[in-house]
Amino acid sequence: MNQPIEEPYLGETFPALEKTDPDLAAMRARLAREDAESFPDAKTSCLLTMAVLAALQTTGDMKRITEEALRAGATPVEIKETLYQCVPYIGFPRTEAALRPVNEALLASGVSLPVESCAAVTEENRFSRGLAVQKSIFGDAIDRMHSATPKDERRIMVDRLSAFCFGDIYTRGGLDLKKRELVTFCIISALGGCESQVKSHVQGNANVGNTRQDLVNALTLILPCIGFPRTLNALSCVNEVLPG
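1. Overview of the nonpolar core
By size, the foremost hydrophobic cluster in this structure holds 57 residues, and its most contacted members are Leu48, Met50, Ile79, Ile90, Phe185 and Ile187. Isoleucine 187 has contacts with Ala51, Ala55, Gln85, Cys86, Tyr89 and Ile90, leaving out every residue within four places of it along the chain.

Spelled out as structure tokens, the structure:
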């Protein structure tokens, strides 16, 4: 009886790719080496890659990336917060699917779950705290957006955006604002078709201290995961907002 072939290009079975598709494995390894040379911050590299894999719902490599992130010095809290940052942009189902292999890897590494909470708001102040963070990133554009929002859209554009996206998520500890904005930029670049939001978060990244080169470096890193069309679309957004 023929033995079943393990699915290649998935975390634990990655060596199978070298046996079944050695040319593809060599290309992947080459790009990984080049990424390590051009993006030497291994911890951030792992965190950004995890966020992108979650956005693409390509979770087979998530255990391996989690293990690499731990070896690179990422804390369990930083890993969890990177995935929590995905929720407003990819939704709960895809985030929860990505968390399952992450949790398995953390438990296998001896990490006790749940990790300490990084929640920083209450039911009473989540809107006001979220709005404050939102305006600290995007400034007066938020007031203009609110004043222009039709009444029947305010539940989405005002209440949910300020209280949930920024109040529940951006105020959390574990990752600073610069890292959260860079993670967000990578997530929405990976999704594709979100160029308006990419441009907004290019400016948001600049406003919190990330440079144009930081964004270009991040796109170079995630290109093997998201491909050229989405990378070039995001790069066009960077060039439009922050010309070289």
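Once you've had a look at it, read on.
2. So, helix H7 (residues 92-108)
Taking 1.5 Å as the rise per residue, H7 with 17 residues should run 24 Å; its terminal C-alpha atoms sit 24 Å apart, in good agreement. Listed as buried for H7 are Thr95, Ala97, Ala98, Leu99, Pro101, Val102, Ala105 and Leu106. If you follow the buried residues of H7, they end up packed against helix H3 (42-56), helix H4 (62-71), helix H5 (76-84) and helix H6 (87-90). A positive backbone phi angle near 90° is found at glycine 110, which sits one or two residues after H7.

3. Regarding the pattern of salt bridges
Tallied over the full model, the rule gives 11 salt bridges. The closest approach of N and O atoms between arginine 126 and glutamate 123, which form a salt bridge, is 3.9 Å. In this structure, arginine 126 and aspartate 168 form a salt bridge, with 2.6 Å as the shortest nitrogen-oxygen distance. Here arginine 126 is found in helix H8 (residues 126-138), whereas its partner aspartate 168 is found in helix H10 (residues 154-170), with 42 residues between them in sequence. In the salt-bridge network here, residues are joined through shared partners; they are Arg28, Asp61, Arg64 and Glu68.

4. Some remarks on unusual backbone geometry
Cis geometry is adopted by the peptide bond preceding proline 114, which originates at leucine 113 and carries an omega value of 0°. Phi angles above zero are rare outside glycine, and glutamine 57 is one such case at about 55°. Looking at the secondary structure, you find glutamine 57 in the loop between H3 and H4.

5. Some words on the packing of aromatic side chains
Applying the stated criterion to the full structure yields three aromatic pairs. Relative to phenylalanine 164, the ring of phenylalanine 92 has its centre 6.0 Å away and its plane inclined at 20°; by these criteria the two rings are stacked. Taken together, the residues phenylalanine 92 in helix H7 and phenylalanine 164 in helix H10 connect sequence positions 72 residues apart. Overall, the relative accessible area of 22% leaves phenylalanine 164 in the partly exposed class. Ring plane angle 25° and centroid distance 4.6 Å describe the contact between phenylalanine 166 and tyrosine 170, whose orientation is recorded as stacked. Linking phenylalanine 166 with tyrosine 170, this pair stays in helix H10, spanning four residues, or about one helical turn. Of the two residues, phenylalanine 166 and tyrosine 170, both sit in the buried class.

Parameters at a glance
Residues numbered from 1 in each chain as written. Predicted model: local features only at pLDDT ≥ 70, side-chain atom pairs only at ≥ 80, totals over all residues. Heavy atoms only, no water. Core = buried A, V, L, I, M, F, W, Y, C linked by side-chain atoms within 4.5 Å. Buried < 20%, exposed > 50% of the residue type's maximum accessible area, 1.4 Å probe, protein only. Contact = heavy atoms within 4.5 Å. Helix = DSSP H or I, 4+ residues; strand = E, 2+ residues; numbered from the N terminus. Expected span 1.5 Å × (residues − 1). Salt bridge = Lys/Arg side-chain N within 4 Å of Asp/Glu carboxyl O. Phe/Tyr/Trp six-rings, centres within 6.5 Å; stacked < 30°, edge-to-face > 60°.

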